[in-house]
Amino acid sequence: MLLLLLGIIVLHVAVLVLLFVSTIVSQWLIFNGRTADLWQNCSILEIPSSFQCVTSSTNEWLQSVQALMILSIIFSVLSLFLFFCQLFTLTKGGRFYLTGIFQILAGLCVMSGAAIFTVRHTDWQPATSGTSFGFAYILAWVAFPLAVISGVIYAILRKRE
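Note that the structure is predicted; figures quoted are calculated from it, not measured.

Draft legend 1. Molecular detail of the overall build of the protein. Each helix and strand counted, the protein has 4 helices and 5 strands in total. Traced from its N-terminal end to its C-terminal end, the protein shows the element sequence α-β-β-β-β-α-α-β-α. Taken over 161 residues, the protein has a buried fraction of 41%. Sequence-distant contacts in the protein: of pairs separated by 6 or more residues, those separated by 24 or more amount to 72%. For the protein, the exposed area adds up to about 8500 Å²; of that, 72% sits on carbon and sulfur atoms.

Next up, the structure:
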């Protein structure tokens with residue numbers, strides 16, 4: 001039972017790290033020596049090792065992606081906190097439904113944000129042949145199934161002595 005709890009906590013922390021990195025790092029789009037993320041557009045200048053960064057657009061869809069990614073982090077942190085609270089207060093045989101619901105909500109938020117970004121990124125940056133998605137975008141998509149799986153495990157898990 002202790003190994004199962006440790007595995008669930010490690011999975012949850014891995015999801016949190018993926019969510020934080022994918023939200024913060026400036027690598028959602030890569031094109032022609034430039035990178036773009038949810039917060040700013042950066043381009044490499046003529047001077048070696050120097051970047052010029054400007055804040056991202058104020059498009060409503062981009063702000064919704066920002067909000068959904070932040071909500072996913074909040075739900076996941078809240079889920080981890082609830083798990084520890086329920087671990088010590090839940091009666092024997094009880095299930096971690098509340099923890100699972102919040103973790104599934106975190107997964108749904110990150111999925112919605114990444115899907116909106118996938119569909120609408122051409123409104124913000126012109127689609128060229130050199131445009132590709134960056135690793136932070138991929139990490140967001142990786143965090144989605146892991147968060148949902150973690151939430152389902154929480155919902156199925158029963159407390160034992």
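Here the narrative resumes, following the displayed structure.
Draft legend 2. Representation of the packing of aromatic side chains in the model. Scanning all chains against the criterion turns up 10 aromatic pairs. Relative to phenylalanine 117, the ring of tryptophan 28 has its centre 4.9 Å away and its plane inclined at 70°; by these criteria the two rings are edge-to-face. Highlighted residues: tryptophan 28 in the loop between helix 1 (2–24) and strand 1 (29–31) and phenylalanine 117 in helix 3 (residues 97–124), separated in sequence by 89 residues. Comparing tryptophan 28 with phenylalanine 117, the two get one shared label, buried.

Draft legend 3. Up close: the nonpolar core. Residues Leu19, Trp28, Leu38, Val65, Met69 and Phe117 are the most contacted members of the largest nonpolar core, which totals 20 residues. Those elements that provide at least two residues to this core are helix 1, strand 1, helix 2 (60–89), helix 3 and helix 4 (135–156). When residues no more than four places from it in sequence are discounted, the contact partners of methionine 69 are Ser22, Thr23, Trp28, Leu38, Val110 and Ala140. Ranked by size, the runner-up nonpolar core spans 9 residues in total, among them Leu5, Leu16, Phe83 and Leu157.

About the criteria used
- Residues numbered from 1 in each chain as written.
- Predicted model: local features only at pLDDT ≥ 70, side-chain atom pairs only at ≥ 80, totals over all residues.
- Heavy atoms only, no water.
- Helix = DSSP H or I, 4+ residues; strand = E, 2+ residues; numbered from the N terminus.
- Buried < 20%, exposed > 50% of the residue type's maximum accessible area, 1.4 Å probe, protein only.
- Contact = heavy atoms within 4.5 Å.
- Areas by Shrake-Rupley, 256 points an atom, 1.4 Å probe, with all protein chains shown as cover.
- Phe/Tyr/Trp six-rings, centres within 6.5 Å; stacked < 30°, edge-to-face > 60°.
- Core = buried A, V, L, I, M, F, W, Y, C linked by side-chain atoms within 4.5 Å.

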